[in-house]
Amino acid sequence: MNKDEKKLLELSEMSYLQEKVYNALPIGKKGCPVLSRAELMEITNLRDADARRVAKSLLQFGIPVISGPKGGYYIANNNKDIKEYIEFLQIHIDGTEQVKDTMKKIMKNNLFKNVNKEVY
């Protein structure tokens with residue numbers, strides 16, 4: 001096993017919450033019904049960020065959980081949906097990298113001239 005290969009956990013190692021989310025997630029292709037963020041929070045009885053963490057944690061079991069821009073979740077059952085999701089993630093990563101690079105430029109060049117403007 002090389003450094004990029006990570007052993008997946010067995011389904012039997014799921015926590016109670018992971019199992020609840022796994023069983024609630026619809027399986028299907030893009031456009032199928034999804035489990036909404038509100039439903040995810042209700043199922044897990046957790047705050048939004050913690051409930052999303054539980055859904056994301058299913059990846060360690062080899063379960064391809066797809067989350068859409070509107071916050072719904074489903075389990076992909078084909079490579080096309082996974083590929084499209086990877087492309088969506090890359091667009092998000094690229095945008096975040098641009099923000100990071102701009103912040104570094106502002107910090108490096110001490111470009112705080114607009115920070116203390118009064119707003120009316």
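Provided above is the structure to which this section pertains.
This one's a predicted model, so the numbers in the text were calculated from it and none came from an experiment. (Residues numbered from 1 in each chain as written. Predicted model: local features only at pLDDT ≥ 70, side-chain atom pairs only at ≥ 80, totals over all residues. Heavy atoms only, no water.)

Peer 1: Quick question: what am I supposed to make of the pattern of salt bridges here?
Peer 2: Between side chains of opposite charge, pairing is possible as soon as their charged atoms come close. Under the definition given, this model contains six salt bridges. Taking the shortest distance from any N to any O, the salt bridge between aspartate 48 and arginine 52 comes out at 3.3 Å. With aspartate 48 and arginine 52 both in helix α3 (residues 48-57) and four residues apart, the pair spans about one turn of that helix. Taking the shortest distance from any N to any O, the salt bridge between lysine 80 and glutamate 84 comes out at 3.1 Å. Linking lysine 80 with glutamate 84, this pair stays in helix α4 (residues 79-108), spanning four residues, or about one helical turn. Taken together, the shared-partner salt bridges connect Arg37, Asp48 and Arg52 into one network. (Salt bridge = Lys/Arg side-chain N within 4 Å of Asp/Glu carboxyl O. Helix = DSSP H or I, 4+ residues; strand = E, 2+ residues; numbered from the N terminus.)

Peer 1: Quick question: what am I supposed to make of the environment of threonine 44 here?
Peer 2: Within the fold, threonine 44 resides in helix α2 (residues 37-44). Setting aside anything within four residues of it in sequence, one finds threonine 44 in contact with Leu17, Val21 and Ala51. Polar contacts involving the side chain of threonine 44 include one to the main-chain carbonyl oxygen of leucine 40, which spans 2.9 Å. A distance of 3.4 Å separates the side chain of threonine 44 from the backbone oxygen of methionine 41, its partner in a polar contact. (Contact = heavy atoms within 4.5 Å. Polar contact = N/O pair within 3.5 Å; in protein donor to acceptor, adjacent residues only side chain to side chain.)

Worth remembering: the numbers are spatial, not functional.
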